[in-house]
Amino acid sequence: MPLEDIRTRIARAEKEAGRDTGSVRLIAVSKLQPDDRVEAVLEQGHRVFGENRVQEAAGKWPGFKDRFDGIDLHLIGPLQTNKARQAMQLFDAIHSVDRPKLARTIARLAQEEGRCPDLFVQVNTGEEDQKAGVLPAEADEFIAECRGLDLPLRGLMCIPPLDEEPSLHFALLAKIAARNGLDGLSMGMSGDFESAIALGATHVRVGSAIFGERVSAAG
Ligand SMILES: *Cc1c(COP(=O)(O)O)cnc(C)c1O
């Protein structure tokens, strides 16, 4: 079973890196997957999932939450400020905090709602125009700003450029996190989660290797 295979590979990578078994959380990325595949993974006992669109998640997760206890839902895609409240009500963690306006909005809503998801700052390690995230050179300042807002900042997240060696990006993200005293590292996807674990990933985001190809190419 793909889920079991991935768990086995994660455990092996943890061991090879000299890390504790279970120190890496597997986020099963269910975006654009048919409900029956998601349900099959829920039936196998898995509870940590990732989605990249608020709208799509709002359509499918309330129903699953009614039927399965203990679901831990992570937003891994870009967040518009006008969807922040909905995202904060639906998700347990947001991995895409990447600009002051969004950080301030989340801080204000956290006061109003009396709760705040765990937050990760997304860093655009490849400095790609089309990609979200703060630039590496601006990361320290933005992290300080988030702390100044009293946000529950757990770590950093990156999505390496498709055509580059991901390890370089994982190492850069780990370095920025270390110098800022953050221990959460959301990095590694289906094709590269083992090298992410070797470089300190605490959260890997694995979609197609668990569920199979996505139904639409749009994600
Ligand atoms: C889709 C997605 C993933 C999962 O990608 P796979 O290659 O299917 O494992 C991980 N992270 C983010 C941010 C994504 O959008």
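Residues numbered from 1 in each chain as written. Predicted model: local features only at pLDDT ≥ 70, side-chain atom pairs only at ≥ 80, totals over all residues. Heavy atoms only, no water.

(A) Broad picture of the UniProt feature "domain: Alanine racemase N-terminal" (unreviewed entry) in the protein. Here the UniProt feature "domain: Alanine racemase N-terminal" (unreviewed entry) sits at residues 5-214. Spanning residues 5-214, this segment combines 44% helix with 17% strand, and its end C-alpha atoms are found 19 Å apart. (UniProt positions renumbered as here; feature names shortened; annotations may be inferred. Helix = DSSP H or I, 4+ residues; strand = E, 2+ residues; numbered from the N terminus.)

(B) Seen up close, the state of the cysteines. Taken as a whole and assessed by the stated rule, the structure comprises 0 disulfides. The closest cysteine sulfur to the non-disulfide-bonded cysteine 116 is located on cysteine 146, 10 Å from its own sulfur. Classification of cysteine 116 by relative accessible area gives partly exposed; the value is 23%. Classification of cysteine 146 as buried rests on a relative accessible area of 0%. (Disulfide = S-S within 2.5 Å. Buried < 20%, exposed > 50% of the residue type's maximum accessible area, 1.4 Å probe, protein only.)

(C) Spatial organisation of the environment of valine 97. Tracing the backbone through its elements, the reader meets valine 97 in strand β4 (residues 93-97). On a C-alpha basis, the gap between valine 97 and serine 216 in space is 26 Å, while along the polypeptide they are 119 residues apart. Not counting chain neighbours up to four residues away, the residues in contact with valine 97 comprise Leu102, Ala103, Ile106, Leu119, Phe120, Val121, Gln122, Phe142 and Cys146. (Contact = heavy atoms within 4.5 Å.)

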